[in-house]
Amino acid sequence: MKSKSMKKTVAAITASTAIFAASQAMAESITVAYFLEWPMPFEYAKQMGTYEKELGVDINWVSFESGVKMSAAMASGDVQLSVSQGVPPFVVATSAGQDLQILDVAVSYADNDNCVVRSELEIDKTNASELAGKKVAVPLGTAAHYGFLKQMEHFGVDVGSMDVVDMDPPDGAAAIAQGAVDMFCGWGGSLRRALEHGNVLLTGDEKTELGILVFDVTSGPADWVAENGDLVAKFLKVTADANAMWADEANRAEMLPLIAKDAGMDEEATMATISTFSFPTIEEQLSEAWLGGNAQDFMKGVADVFVQAGSIDAALDTYENAVNTGPLKAAAGM
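Presented here is an overview of the structure given in this document. Keep in mind the model is a prediction, meaning the values are calculated, not measured. (Residues numbered from 1 in each chain as written. Predicted model: local features only at pLDDT ≥ 70, side-chain atom pairs only at ≥ 80, totals over all residues. Heavy atoms only, no water.)

### Section: the state of the cysteines
This model, assessed by the stated rule, comprises one disulfide. In this model, Cys-115 is linked to Cys-185 through a disulfide, with the two sulfur atoms separated by 2.1 Å. Measuring handedness by torsion sign, the sulfur bridge of Cys-115 and Cys-185 sits at about 105 degrees and is right-handed. In this pair, Cys-115 is assigned in strand S5 (residues 113–118) and Cys-185 in strand S8 (residues 183–187), connecting sequence segments 70 residues apart. (Disulfide = S-S within 2.5 Å. Helix = DSSP H or I, 4+ residues; strand = E, 2+ residues; numbered from the N terminus.)

### Quick word on the nonpolar core
Counting 71 residues, the largest nonpolar core has Ile-30, Phe-215 and Phe-235 as the members making the most contacts within it. Those residues within four positions of Phe-215 in sequence are excluded, and the remaining contacts are Val-87, Val-105, Val-107, Ser-108, Tyr-109, Trp-290, Ala-295 and Phe-298. Among the nonpolar cores identified, the runner-up in size contains 16 residues, and Val-136, Phe-148, Phe-155 and Met-162 belong to it. (Core = buried A, V, L, I, M, F, W, Y, C linked by side-chain atoms within 4.5 Å. Buried < 20%, exposed > 50% of the residue type's maximum accessible area, 1.4 Å probe, protein only. Contact = heavy atoms within 4.5 Å.)

### Focus on the sheet that holds strand S3 (residues 81–86)
Across the sheet, which stays open at both edges, the five strands sit in the order S2-S1-S3-S10-S4 with mixed pairing between neighbours. The two strands at the open ends of the sheet, each matched to only one other strand, are strand S2 (58–63) and strand S4 (100–108). Between one strand axis and the next, the sheet turns by 25 degrees as a mean value, whatever way the strands run. Note: strand S1 (residues 29–34) against S3, two bridges, orientation parallel. Considered in S3, the bridge of Ala-33 is made with Ser-82. Packing against the sheet, helix H11 (residues 229–247) makes contact with S1, S2, S3, S4 and strand S10 (215–221), and its axis sits at approximately 5 degrees to S4. (Pairing = 2+ DSSP bridges. Axes fitted to C-alpha atoms, helices over the stretch in contact; angles between N-to-C directions.)

### Quick word on the packing of aromatic side chains
Within this structure, the stated rule accounts for 12 aromatic pairs. Plain terms: the ring middles of Trp-38 and Phe-277 are 4.6 Å apart, the flat faces sit at 50 degrees to each other, and that makes the pair tilted. Residue Trp-38 is located in the loop between S1 and helix H2 (42–48), and its partner Phe-277 is located in the loop between helix H13 (267–274) and helix H14 (282–285); the two are separated by 239 residues in the primary sequence. Seen in terms of ring centroids, Tyr-51 and Phe-235 are 4.6 Å apart; in terms of plane orientation they differ by 35 degrees. Their pairing is tilted. Here Phe-235 lies in helix H11 and Tyr-51 lies in helix H3 (residues 50–55), a separation of 184 residues in the sequence. Overall, the relative accessible area of 1% leaves Phe-235 in the buried class. (Phe/Tyr/Trp six-rings, centres within 6.5 Å; stacked < 30°, edge-to-face > 60°.)

### Observations regarding the pattern of salt bridges
Counting across every chain of the model gives nine salt bridges. Here Lys-237 ties to Asp-241 by a salt bridge, and the two come within 3.2 Å at their closest N and O atoms. In this pair, Lys-237 and Asp-241 both sit in helix H11, four residues apart, roughly one turn of the helix. Its relative accessible area of 39% is what places Asp-241 among the partly exposed residues. (Salt bridge = Lys/Arg side-chain N within 4 Å of Asp/Glu carboxyl O.)

Pasting the structure below:
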């Protein structure tokens, strides 16, 4: 994610912060944003019509290409809830003044965003100090950049001693394959390609234990959420129930075909992708490890990295007000 393009995004979001004034307290329909090719248990409930049944409203599901576009759609009032919006675009929007709120942790995927060290170096977590002076490809101003910085801090490696090159993940994956860099940091298909030429320093679980989170959220405009708290709580409850259903492997044969259909993927690719995801329970989400405090600190860290990279002009003093656990706590009691 380039600084220039992100600044344009911030300007666009700032320009479109028209307040969604019409009260939706008696809403007959809502529009919910989601991603194709990003399979999650909620899509089973989506296909079964469970959301409409439990909420008592019609739902217009609209697929988006990025979390940045989700922010803009929520700013204009075209979208009321966004499922699985990435934290970085959420942080960009709220840092620019858009009044959005995180409502739940949609999915954690720490193993799908990581740093890979070239195999020939034989460097892992036991001798990570040897990364000093090495060349690393990192997409600056992203969560991958933040994760890289936090991992180097954990291992006591002075980033100033390293040759850090700003590369988008596809370019970084090509660079580590060619031996042009010693370490790659990135996500998705680029990460999988990089892993053909090296190893990670820390697993997703190990990063999570250190507070290095890689997760998406369900988000919505603060004004709309305040006016429709009960509706939001019911939405989050349906999502949590679908997650709990998926957690029982006995249900997966029933759920997988519908999830794959909704995601626009075949079943094999769907299972391969969703197997790398984790879906925290409501209890886990409300704990200190997530929305009880760590997520807010993580967002501040991401924002500060973006400021340092020149991607956004300023970070908020705190992101505590960007998290609203009220509807999730209500969902827990349903």
